[in-house]
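# Examination of the molecular architecture
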Amino acid sequence: MASGAEQAERQYEQDRLVLDSVDRFLQRDVAPYVHALEKDDIYPEEIVARMKELGLFGAIIPEQYGGLGLRPSLYAKVIERISAVWMSISGIINSHLIMSHIVARTGTEAQKEAFLPRFATGELRGGLALTEPDCGTDLQAIRMTAKRDGDDYVVNGTKTWISNGIHGQCFALLVKTDPAAEPRHAGMSMFLAEKGEGFEVSRKLEKLGYKGIDSAELIFRDYRIPADRLIGGVEGRGMKCAIAGLELGRVNVAARGVGIAQAALDEAVRYAQQRKTFGKPICEHQAIQLKLADMATRTEAARLLTEKAADALDRGDRSDYEAGMAKLFATEAAVENSLEAMRIHGGYGYSKEFIVERLYRDAPLLVIGEGTNEIQRIVIAKRLIERNPV
């Protein structure tokens, strides 16, 4: 029987193989094409096909259902690496994997067997459909309804800002099955909704950054969905499903923040050694050194918080406290580092010819998505009090 040290060494080697494979994919199949694809907001069909080949659409899906079965902590490292090169493609797989995670955690065995193998191969791709035109952070305020009609439910309503909305085929759809229920979450349920009659993609939403991935508005008009697509098979568990997905999602967004922060730092360090003013590289000026030191410290602190949150998920522990901290700090680090990198680049940082301009546009999304950072602070404070009663 292998000792603890031997098991750890074996796991380290396995993790390294996965990360090396991801790094090769990013350098060969992504980095050379990001600028053109991002500039014209083009969906990266060839990159997505390559991600399917690598099994990334099944990254955290258990091996028994055809996935890679990666631990959340390893998955977070994969997302950090992807985001440092092009954050948009991390969104293509993450929204899909949140849906997959919800099914794996809360679905019936029949649902797992029917959907997870297809999710794992990327044959059936999609995402999470929570947000509505008048409802973002307050999920209990959703208006989309699903009314039972024989062996089906009839769905009506609108979802917006749905990642993979155009190119995806299936979505974890949060609805109200009992709009009059109190508390409100008791009337919420979640379905696996595949595109079909009554399910319309109304428009693509234009964005400041996060180009390439499609964000769409989805309209449901008398859309019929079989009752066996109710995740978990019981009404009233929609909020539980959403929370299960968002815990993973927040660790993912934190990892994206680390990736953006690291990329901004790398670009700033490189440029500061190349650019000269007053007869010497600007990295020798104290003002620039102070910026670089703060950027490096923020990045490493963000990475450690994200690793701690991911480790909690590995253990199966409740992780809203750790995930909230990681999401809050890492995404703010991404915003701050992207701005500081732009300042270090000076006028060139404002040019589309340099990477930092894209980082500066991509980073702000992270402080909004998967629960705003203001909400993260409230979650952290509430859990802090719960953990430390007087």
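Cut-offs applied
- Residues numbered from 1 in each chain as written.
- Predicted model: local features only at pLDDT ≥ 70, side-chain atom pairs only at ≥ 80, totals over all residues.
- Heavy atoms only, no water.
- Helix = DSSP H or I, 4+ residues; strand = E, 2+ residues; numbered from the N terminus.
- Rg over C-alpha atoms; globule rule 2.2 N^0.38 Å.
- Contact = heavy atoms within 4.5 Å.
- Areas by Shrake-Rupley, 256 points an atom, 1.4 Å probe, with all protein chains shown as cover.
- Lys, Arg positive; Asp, Glu negative; His and termini not counted.
- Charge placed at Lys NZ, Arg CZ, Asp CG, Glu CD.
- Salt bridge = Lys/Arg side-chain N within 4 Å of Asp/Glu carboxyl O.
- Buried < 20%, exposed > 50% of the residue type's maximum accessible area, 1.4 Å probe, protein only.
- Pairing = 2+ DSSP bridges.
- Expected span 1.5 Å × (residues − 1).
- Arc of directions from axis to C-beta.
- 1 Å grid on protein atoms, 1.4 Å probe; cavity = no way out; pocket = protein on both sides within 12 Å on 5 of 7 lines; lining within 4 Å.
- Points joined across faces, edges and corners; volume = space filled by probe spheres on them.
- Nonpolar A, V, L, I, M, F, W, Y, C, P; charged D, E, K, R; others polar.
- Axes fitted to C-alpha atoms, helices over the stretch in contact; angles between N-to-C directions.
- Parallel < 35°, antiparallel > 145°, perpendicular 65-115°, else oblique.
- Left-handed = near helix turned anticlockwise from the far one by under 90°.

## Describing the overall build of the protein
Across its full length, the protein carries ten helices and nine strands. Against the globule reference of 21 Å for 390 residues, the protein gives a C-alpha radius of gyration of 21 Å, in line with a compact fold. Taken along its principal axes, the extent of the C-alpha atoms in the protein is 80 × 55 × 50 Å. Relative to all contacts within the protein whose residues are 6 or more apart in sequence, the contacts with residues 24 or more apart total 74%. As displayed, the protein has an accessible area near 17,800 Å², and 52% of this comes from carbon and sulfur atoms. Counting 51 positive and 56 negative side-chain charges, the protein places the averaged centre of each group 3 Å from the other.

## Some points on the pattern of salt bridges
The full count for this structure, using the stated rule, is 35 salt bridges. In this structure, the salt-bridge partner of Glu322 is Arg387, at a minimum N-O distance of 3.0 Å. With Glu322 in helix α8 (residues 320–345) and Arg387 in helix α10 (residues 373–387), this pair connects stretches of sequence that are 65 residues apart. The buried category is assigned to Glu322, whose relative accessible area is 13%. Salt bridges here are not isolated pairs; linked through shared partners, they connect Arg118, Glu123, Glu194, Asp228 and Arg229.

## Considerations on the pairing of strand β5 (residues 188–194)
Each regular strand displays side chains that alternate between the two surfaces of the sheet. By the criterion of burial, β5 is predominantly enclosed, with seven of the seven residues buried. Neither face of β5 is exposed, since Met188, Met190, Leu192 and Glu194 on one face and Ser189, Phe191 and Ala193 on the opposite face are all buried. As paired strands, strand β4 (residues 170–176) and β5 are joined by seven bridges and run antiparallel to one another. In the strand pairing of β5, Ala172 is matched with Leu192.

## Description of α10
Between its first and last C-alpha atoms α10 spans 21 Å; for 15 residues at 1.5 Å apiece the expected length is 21 Å, and the two agree. Within the span of α10, buried status applies to Asn373, Gln376, Val379, Ile380 and Arg383. Buried residues of α10, viewed axially, fall in a sector of 105°; they line one side. Turned more than 90 degrees away from the buried face of α10, the exposed residues are Glu374, Lys382 and Ile385. Buried residues belonging to α10 abut α6 (238–274), α8 and α9 (355–366).

## Digging into the layout of surface pockets
Taken as a whole, the largest pocket spans an internal volume of roughly 1,600 Å³. Surrounding the largest pocket, 46 residues form its lining, Leu246, Ile368, Gly369, Glu370 and Gly371 being those nearest its centre. For the lining of the largest pocket, the elements supplying multiple residues, two or more each, are α4 (72–106), β3 (152–163), α6, α9 and α10. Sort the elements by how many residues they give to the lining of the largest pocket and α6 lands first, with seven residues. When grouped by side-chain class, the residues that make up the lining of the largest pocket number 19 nonpolar, 14 polar and 13 charged. The space that makes up the second largest pocket amounts to roughly 440 Å³. Residue lining of the second largest pocket: 21 residues in total, with Ala84, Val85, Glu267, Ile355 and Arg358 positioned closest to the centre. For the lining of the second largest pocket, the secondary structure elements donating two or more residues are α2 (34–39), α4, α6 and α9.

## Observations concerning the packing of α6 against α8
For the pair α6 and α8, the least separation of the axes is 7 Å and the interaxial angle reads 25°. Taken together, the axes of α6 and α8 are roughly parallel relative to one another. Both α6 and α8 take part in a crossing whose hand is left-handed.

## Considering the packing of α4 against α6
Contact geometry of α4 with α6 gives a least axis separation of 8 Å together with a crossing angle of 175°. Classified by the interaxial angle, the pair formed by α4 and α6 is roughly antiparallel. Its residues placed into classes, the contact of α4 with α6 shows 16 nonpolar, ten polar and two charged.

None of this, on its own, says anything about what the molecule does.
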